[in-house]
Amino acid sequence: MKKVKIIGVPEHFNLPWQLCIENGEFQERGIDVSWTDIPEGTGKMCELLRNKETDLAVILTEGIIKDIAKGNPSTLIQEYVSSPLVWGIHVAQDSPIQSLELANKRIAISRYGSGSHLMAIVHAKKMNWNTEELNFVVVNTLEGAIEALQNNEADYFMWEKFMTQPIVDQQIFRRIGEFPTPWPSFVIAGTNEFCSANEALIDNLLEVINTTTSEFKIIPSIDRTLATKYHQKLEDIQTWLSQTQWSQRQLKQKHFDAVVNELTALKQIDSMPTYKETVR
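Given the structure is predicted, the values throughout are model-derived calculations rather than measurements.

A. Looking closely at the environment of Asp37. With respect to the helices and strands, the residue Asp37 is situated in strand β2 (residues 31–37). Residue classification places Asp37 among the partly exposed residues on the basis of a relative accessible area of 39%. Along the backbone, Asp37 and Val9 are 28 residues apart, and their C-alpha atoms lie at a distance of 5.4 Å. There is a polar contact of 2.7 Å between the side chain of Asp37 and the side chain of Trp35.

B. The arrangement of the packing of helix α2 (residues 42–50) against helix α3 (residues 61–69) in detail. In the contact formed by α2 and α3, the axes pass within 10 Å of each other and the chain directions differ by 40°. Taken together, the axes of α2 and α3 lie oblique to each other. By crossing handedness, the relation of α2 to α3 is classed as right-handed. Across the interface between the two elements, Thr42, Cys46, Leu49 and Arg50 from α2 touch Gly63, Ile64 and Asp67 from α3. Its residues assigned to classes, the contact of α2 with α3 comprises three nonpolar, two polar and two charged.

C. Region of the structure containing helix α5 (residues 142–150). Taken together, the buried positions of α5 are Leu142, Gly144, Ala145, Ile146, Ala148 and Leu149. Looking at the buried residues of α5, the elements they touch are β5 (86–92), β6 (106–109), β8 (156–160), α6 (165–169) and β9 (173–180). Backbone geometry just after α5 places Asn152 at a positive phi near 60°.

D. Fine view of the pairing of strand β3 (residues 56–60). Within β3, five of the five residues are buried, which leaves it mostly tucked inside the rest of the structure. With two bridges connecting them, strand β1 (residues 2–8) and β3 associate as parallel partners. Looking across to β3, one finds that Ile7 is bridged to Ala57. Inspection of the sheet shows β3 paired to strand β10 (residues 186–191) by five bridges, in the antiparallel sense. Each bridged residue has a counterpart across the sheet, and for Ala57 the counterpart in β10 is Ala189.

The rules behind the values
- Residues numbered from 1 in each chain as written.
- Predicted model: local features only at pLDDT ≥ 70, side-chain atom pairs only at ≥ 80, totals over all residues.
- Heavy atoms only, no water.
- Helix = DSSP H or I, 4+ residues; strand = E, 2+ residues; numbered from the N terminus.
- Buried < 20%, exposed > 50% of the residue type's maximum accessible area, 1.4 Å probe, protein only.
- Polar contact = N/O pair within 3.5 Å; in protein donor to acceptor, adjacent residues only side chain to side chain.
- Axes fitted to C-alpha atoms, helices over the stretch in contact; angles between N-to-C directions.
- Parallel < 35°, antiparallel > 145°, perpendicular 65-115°, else oblique.
- Left-handed = near helix turned anticlockwise from the far one by under 90°.
- Contact = heavy atoms within 4.5 Å.
- Nonpolar A, V, L, I, M, F, W, Y, C, P; charged D, E, K, R; others polar.
- Pairing = 2+ DSSP bridges.

Interpretation note: all reported values are geometric properties and have no functional meaning in isolation.
This is the structure we're talking about:
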């Protein structure tokens, strides 16, 4: 039995992994998959890949591409979610902010290099703000963002809109806008060392997870399972399911190039290994 360490955010996108583990589907292929939730998100996962503290990560596309450009010795194994991530733009419920006039406001981010950081920059560029003068406040986790906004330590926070919906419903956050990523949202990445030494194992692992993701939406009562597990309203989960598309193929070069070009334009990266050097 080959042990594989994999990490990802504790969000509904990753329930297929949990189901495969619980059902013993990886073990049937001789793979002992150990999953660890990383609530801090993509920036922390990049660090764990760099330090070889994990073998694989289910990670935001723009975050891992930026970190590979910065020297992270990792490979893009496969696209995982092909649909965009819809980022909600949130302020504290009692904030005086009522619109997206957020230039010069303090932005809560989980950490530098995270999705909340990079997408805030992409959003600022679209709004024609000066991206070199953005003011970031590191909050580590969603819970940290709640504290920062409630304590007036930051002004707004971007996070996946469905995972924050219960916080909006509880009138802790108020959502003032949405911003979808202009590329596929999640990829599966692995350290170069692990990928080069485990080609057949990765093929088997992908076959298992791809079978589950391709059938995920037709699992009986999956909407109710998700709503219960992630404390969501059933109608919100049904909307999320209708908008989410899992992938069973590699990230296309045009999407890779779109991320690289955007990060380069935003001065987040200087150079990048080629597509063929970066993908499996």
